[in-house]
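Coordinates in review
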Amino acid sequence: MKISVNGFHKAFDSRIRLVLMSILAVNDRIDFNSLKEYLEVTDGNLASHLKALEKEEFIMVEKSFVGKKPNTKYSLTKEGKTAFADHLKALEKLIETQKNQP
Amino acid sequence: MEAEKDYTRDIAEIRSMMERSSKFMSLSGWAGIMAGIYALAGALIAWKVFDFNPDELFYKNPGPGSGFRNVFLLSGLILVLALATSIFDSFLRAKKRGEKAWNVLSRRLIANMSAPLVSGGILILVLIAYGLIGLVAPLTLIFYGLALYNAGNFTFNEVRILGIVQITLGLISLHMIQYGLLIWAVGFGLAHIVYGIYMHYKH
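Residues numbered from 1 in each chain as written. Chains lettered and ligands numbered in written order. Predicted model: local features only at pLDDT ≥ 70, side-chain atom pairs only at ≥ 80, totals over all residues. Heavy atoms only, no water.

1. What to know about the packing of aromatic side chains
Residue and element names in this part refer to chain A. All chains considered together, the criterion is met by five aromatic pairs over all chains. A centroid spacing of 5.6 Å and a plane angle of 35° characterise the contact between F12 and F58, whose relative ring orientation is tilted. A residue pair is termed long-range when its members are at least 10 positions apart, and F12 in the loop between β2 (8-9) and α1 (15-26) and F58 in the loop between α3 (43-55) and β4 (59-66) qualify at 46 residues. Residue classification places F12 among the buried positions, given a relative accessible area of 3%. (Phe/Tyr/Trp six-rings, centres within 6.5 Å; stacked < 30°, edge-to-face > 60°. Helix = DSSP H or I, 4+ residues; strand = E, 2+ residues; numbered from the N terminus. Buried < 20%, exposed > 50% of the residue type's maximum accessible area, 1.4 Å probe, protein only.)

Encoded structure:
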């Protein structure tokens, strides 16, 4: 799925994945439950989107335990940061060119 | 044109999510206004009822029985009232937005505020024990201002400006010990109320 056209990355087609990247871009590390609170999606849905981003090597996963509860934390990789920044640039460019058209 | 709308919405969503996930936004102007009112009432009671208006740096006997104890208890009460109001208010705001008030963001905000507040608080208690009553008002303003300045990174930017105002008032009042209580009332009372009204209309 490593397709990118003019900086647009296929992985960010989904709104949830785009929002996930936005949250991770401004937080060093964030846990599963906090992400769930922002996105208002089900556990399974969120997990599958996170898995997709992990497969692209855009995010890092750290698993640990708080007592007996699993506590998984996510953070952006260098690749993830670059890809997201490129995606934003491409978005801006596109809007700019559309604005200039009559 | 349909596509443009979509991309603009994408950008708007990215921006709002970045802010929402990195800053604690469940603070309202109301909490600021209420804190200001408590502070003004407290300053007035301290001045009129307990006849507290230090005009010198040093008081020889600030211990029990000097009337200072009442002022001490009064300031504790104001602090508890102001804290309770803002916690309650944050709780309601967060609930309205379907978020939790006690989350990563509020923890980060509190952790960053408590370093200047706790160190300042302990310093002030020690100075009170030494009888340096005149320094209490300026130093509470300065350390509270530092805490707010820090907090500005983790909540609304305007909090940082409120912090600068408090620090400035604190430094000014160091040079005018006789106006300590008045300047304290301006900082904790008036500045909070002005800030609260501004935030209430802006957000």
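2. A look at the packing of helix α6 (residues 158-175) of chain B against helix α7 (residues 180-202) of chain B
Pairs of packed helices are described in terms of their axes, by the angle between the two and the distance that separates them. Residue and element names in this part refer to chain B. Remark: α6 packs on α7, axes separated minimally by 10 Å, with the N-to-C direction vectors making an angle of 165°. Our classification of the angle between α6 and α7 gives roughly antiparallel. In terms of crossing hand, the pair formed by α6 and α7 is right-handed. For the pair α6 and α7, contact is made by E158, V159, L162, V165, Q166, L169, I172 and S173 and by I183, V186, G187, F188, A191, H192, Y195, Y198, M199 and K202, respectively. Looking at the contact of α6 with α7 residue by residue, the classes come out as twelve nonpolar, four polar and two charged. (Axes fitted to C-alpha atoms, helices over the stretch in contact; angles between N-to-C directions. Parallel < 35°, antiparallel > 145°, perpendicular 65-115°, else oblique. Left-handed = near helix turned anticlockwise from the far one by under 90°. Contact = heavy atoms within 4.5 Å. Nonpolar A, V, L, I, M, F, W, Y, C, P; charged D, E, K, R; others polar.)

3. Some points on the sheet that holds strand β5 (residues 69-76) of chain A
Overall, antiparallel pairing links the three strands, which are arranged β3-β5-β4 (chain A) in an open sheet. The open sheet has two free edges, formed respectively by β3 (30-31) and β4 of chain A, since each of these has just one partner strand. (Pairing = 2+ DSSP bridges.)

4. Focus: empty space enclosed by the protein
Across all of its chains, the model carries two cavities of 30 Å³ or more by this definition. In this structure, the largest cavity encloses a volume near 70 Å³. Taken together, E37(A), Y38(A), R20(B), K23(B), F24(B), M25(B), S26(B), R97(B), E99(B), N103(B) and L105(B) make up the lining of the largest cavity. Split by residue class, the lining of the largest cavity holds four nonpolar, two polar and five charged. Of the volumes computed, that of the second largest cavity is approximately 40 Å³. Lining of the second largest cavity is provided by S34(A), E37(A), Y38(A), N103(B) and V104(B). Here the element with the most residues in the lining of the second largest cavity is helix α2 (residues 32-39) of chain A; it accounts for three residues. Class assignment of the residues belonging to the lining of the second largest cavity gives a composition of two nonpolar, two polar and one charged. (1 Å grid on protein atoms, 1.4 Å probe; cavity = no way out; pocket = protein on both sides within 12 Å on 5 of 7 lines; lining within 4 Å. Points joined across faces, edges and corners; volume = space filled by probe spheres on them.)

5. Section: the interface of chain B and chain A
Contact with chain B, which involves 19 residues of that partner, is made by 20 residues of chain A. A buried area of about 1,900 Å², summed over both sides, lies between chain B and chain A, and 64% of it is on carbon and sulfur atoms. The largest per-residue losses of area from chain B upon contact with chain A belong to Y7(B), I14(B) and M17(B), which jointly make up 28% of the total buried on that side. Linking chain B to chain A there are two salt bridges. The partner of E13(B) in a salt bridge is R15(A), and the shortest N-O contact between them spans 2.7 Å. Here chain B is connected to chain A by three residue pairs in polar contact (both at pLDDT 80 or more). Where the side of chain B that touches chain A is concerned, the elements lending two or more residues are α1 (2-22) and α4 (104-129) of chain B. Looking at the side of chain B that touches chain A element by element, the count peaks at 13 residues for α1(B). Here the side of chain B that touches chain A is built from residues that sort into eight nonpolar, four polar and seven charged. (Buried area = accessible area lost by both parts, 1.4 Å probe. Salt bridge = Lys/Arg side-chain N within 4 Å of Asp/Glu carboxyl O. Polar contact = N/O pair within 3.5 Å; in protein donor to acceptor, adjacent residues only side chain to side chain.)

6. Examining the nonpolar core
Counting residues in each nonpolar core, the largest one holds 75 residues, and the members touching the most others are F12(A), L20(A), L35(A), L46(A) and L50(A). Per-element accounting of this core gives the leading share, ten residues, to helix α5 (residues 136-151) of chain B. Apart from residues lying up to four places away in sequence, F12(A) is in contact with L18(A), M21(A), L53(A), F58(A), A83(A), F84(A) and H87(A). (Core = buried A, V, L, I, M, F, W, Y, C linked by side-chain atoms within 4.5 Å.)

7. A closer look at the pairing of β5(A)
Residues and elements named next belong to chain A. Sheet topology note: the β3/β5 ladder contains two bridges and is antiparallel. Directly across from I30, in β5, lies its bridge partner Y74. As paired strands, β4 and β5 are joined by eight bridges and run antiparallel to one another. In the sheet register, M60 faces β5, and the bridge partner there is S75. Counted between consecutive antiparallel strands, the loop separating β4 from β5 contains two residues, among which G67 sits at a positive phi close to 65°.

8. A look at a nonpolar patch on the surface
Residue and element names in this part refer to chain B. A contiguous nonpolar surface patch, about 610 Å² in accessible area, is contributed by I172, M176, Y179, L182, V186, L190 and V194. Examining the composition of the nonpolar patch, we find that four residues originate from one element, α7, more than from any other. Tracing the sequence through the fold places V194 in helix α7. (Patch = residues over 30% accessible without salt bridge, like charges linked within 9 Å, V, L, I, M, F, W, Y side chains within 5 Å. Areas by Shrake-Rupley, 256 points an atom, 1.4 Å probe, with all protein chains shown as cover.)

9. Examining the pattern of salt bridges
Within the structure shown, the criterion is met by seven salt bridges over all chains. We note a salt bridge from K100(B) to E37(A), for which the minimum N-O separation is 3.8 Å. In this pair, K100(B) is assigned in the loop between α3 (68-96) and α4 and E37(A) in helix α2, connecting two distinct chains. Residue E37(A) is classed as buried on the basis of its relative accessible area of 19%.

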